[in-house]
Amino acid sequence: MTKKLPVDPDGAEKWEVQLRKGSLELAVLASLWDGRLYGLEILRRLENDSDLVVAEGTVYPLLTRLKVLGLVESEWVESDSGHPRKYYWLTSPGRQRALEMARIWRRFSASLSDLLAPLGKEKR
Amino acid sequence: MTISADSQLAIDVYLKVLRKRLRGLSEQVSNEVVKEIHSHILEKAALEGEVTPDSVASALTDLGSPEELASQYVTDDLLARAQVTPSPWLVLQSLFRWAGISIVGFSVLAFSALGYFLAGSFALCAMLKPIHPQTAGLWLLPSPENDYSVSLRLGFASPPAHGRELLGWWIVPIGLAFAMGLVLLTFHFGLWSVRKFWRPARGA
């Protein structure tokens, strides 16, 4: 007989964390859609526009990876604050990838919404 | 911007540990990373206006430990390079790193190790055949339960009693071709697994 595991009361929260992790790459690419931003600005953009609060140390390695993959480009720019800032922007393949990912996200979200429609409604 | 000696020391220590843990990245990338994180710390610490020991400490805490940060950089770098310019050495490096953090990674590494070991054995057997012509090769051996087993022998021991060699000199071309095929297959299996299943862990 299969032993049943106890139901995890935090299961939904853990699932949400995984969902947010999975969407981080799309969110970072989308944050750069309108123009160039530096690391801290990207973090603020994610926080303010997407409710995606990420650990600060996770965005920088991701940006470096996206650069190796040719999806973003970067440049150091001197600032008034006294230290240079590294600005990122989307390359042409990066814009293409962001569009593709957004299309997949919307399609998936729409089809899932149909499936979720009955949830929460009273059973007749 | 004025930074107290204590805060500067805290930043220096953080960046020193980070740089030390970025082993495996090229010096150019490592320098870029340290410069960017340094810039981030100063930027973050000055968000409220004045840079204070508390604001510096808070900026460092928000970044997470330098060890964890470096680990994410190294993982992301391996993953990206394995996707862009795959090489057997890079895939192996990725697999070792993946195996340390995930059961799936460990399983893929175990299968890959088995693949490379088998390939190495066949290649070695093929190369040793001219040196041990009577004993090296693929042998069919009778076992006590009236059954048979196949054994790949390098030829250092005496010929097995009642055994029969299966391929003869054909072990040389077949063994080498099989070894090369197995190396290619194992390499592509590792690369495919890394690309398909390995996702760097991220805090969100």
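Right above here is the structure, for reference.
Because the structure is a prediction, the values reported are computed rather than measured.

Glancing now at the overall build of chain B. Of regular secondary structure, chain B possesses 7 helices and 3 strands. Listing the helices and strands of chain B from first to last along the sequence gives α-α-α-α-α-α-β-β-β-α. Against the 2.2 N^0.38 benchmark of 17 Å for 204 residues, chain B shows a C-alpha radius of gyration of 27 Å, more extended than a compact globule. With the C-alpha coordinates aligned to their principal axes, the bounding extent of chain B is approximately 85 × 35 × 30 Å. Scored against the burial criterion, the 204 residues of chain B give a buried share of 40%. Sequence separation of 24 or more characterises 60% of the internal contacts of chain B that already satisfy a separation of 6 or more. Looking at chain B as shown, the accessible area adds up to about 11600 Å², and 64% of this sits on carbon and sulfur atoms. Once the 16 positive and 17 negative side-chain charges of chain B are each reduced to a mean point, those two points are 12 Å apart.

Right, let's get into a positive patch on the surface. All names here are of chain B. There is a patch of like positive charges on the surface, built from Lys16, Lys20, Arg21 and Arg23. When you line up the elements, lysine 20 lands in helix H1 (residues 5-21). Exposure remark for lysine 20: the relative accessible area of 58% places this residue in the exposed category.

Take empty space enclosed by the protein next. Under the counting rule described, the total for this entry stands at 1 cavity of 30 Å³ or more. Considered as a void within the structure, the largest cavity measures approximately 60 Å³ in volume. Counting only elements with at least two residues in the lining of the largest cavity, the list comes to helix H2 (39-50) and strand S3 (85-90) of chain A together with helix H2 (27-45) of chain B. Looking at the lining of the largest cavity, the element that brings in the most residues is H2 of chain B, giving 4 residues.

Glancing now at the interface of chain A and chain B. Across the contact, 28 residues belong to chain A and 27 residues belong to chain B. Of the roughly 2500 Å² buried between chain A and chain B, counting both surfaces, carbon and sulfur atoms make up 61%. It is Tyr60, Arg65 and Trp76 of chain A that lose the most area in chain A upon contact with chain B, and together they represent 23% of the buried surface on that side. Our enumeration of links across chain A and chain B arrives at 4 salt bridges. Notably, a salt bridge pairs aspartate 76 of chain B with arginine 65 of chain A, separated by 3.2 Å at the nearest N-O pair. On inspection of chain A and its partner chain B, the count reaches 11 residue pairs in polar contact (both at pLDDT 80 or more). Contributing elements (two or more residues each) for the side of chain A that touches chain B: helix H1 (11-31), H2, helix H3 (56-68) and S3 of chain A.

Glancing now at the packing of aromatic side chains. Counted under the stated rule, the structure contains 3 aromatic pairs over all chains. Measuring from centroid to centroid gives 5.3 Å for tyrosine 38 of chain A and tyrosine 87 of chain A, while their planes differ by 70°, and the two rings are edge-to-face. Here the residue tyrosine 38 of chain A occupies a position in strand S1 (residues 37-38), and tyrosine 87 of chain A occupies one in strand S3, the gap between them amounting to 49 residues. We note that tyrosine 38 of chain A, like tyrosine 87 of chain A, is buried. With a centroid separation of 4.7 Å and 65° between ring planes, the pair formed by phenylalanine 122 of chain B and phenylalanine 178 of chain B is classed as edge-to-face.

Conventions and cut-offs
- Residues numbered from 1 in each chain as written.
- Chains lettered and ligands numbered in written order.
- Predicted model: local features only at pLDDT ≥ 70, side-chain atom pairs only at ≥ 80, totals over all residues.
- Heavy atoms only, no water.
- Helix = DSSP H or I, 4+ residues; strand = E, 2+ residues; numbered from the N terminus.
- Rg over C-alpha atoms; globule rule 2.2 N^0.38 Å.
- Buried < 20%, exposed > 50% of the residue type's maximum accessible area, 1.4 Å probe, protein only.
- Contact = heavy atoms within 4.5 Å.
- Areas by Shrake-Rupley, 256 points an atom, 1.4 Å probe, with all protein chains shown as cover.
- Lys, Arg positive; Asp, Glu negative; His and termini not counted.
- Charge placed at Lys NZ, Arg CZ, Asp CG, Glu CD.
- Patch = residues over 30% accessible without salt bridge, like charges linked within 9 Å, V, L, I, M, F, W, Y side chains within 5 Å.
- Salt bridge = Lys/Arg side-chain N within 4 Å of Asp/Glu carboxyl O.
- 1 Å grid on protein atoms, 1.4 Å probe; cavity = no way out; pocket = protein on both sides within 12 Å on 5 of 7 lines; lining within 4 Å.
- Points joined across faces, edges and corners; volume = space filled by probe spheres on them.
- Buried area = accessible area lost by both parts, 1.4 Å probe.
- Polar contact = N/O pair within 3.5 Å; in protein donor to acceptor, adjacent residues only side chain to side chain.
- Phe/Tyr/Trp six-rings, centres within 6.5 Å; stacked < 30°, edge-to-face > 60°.

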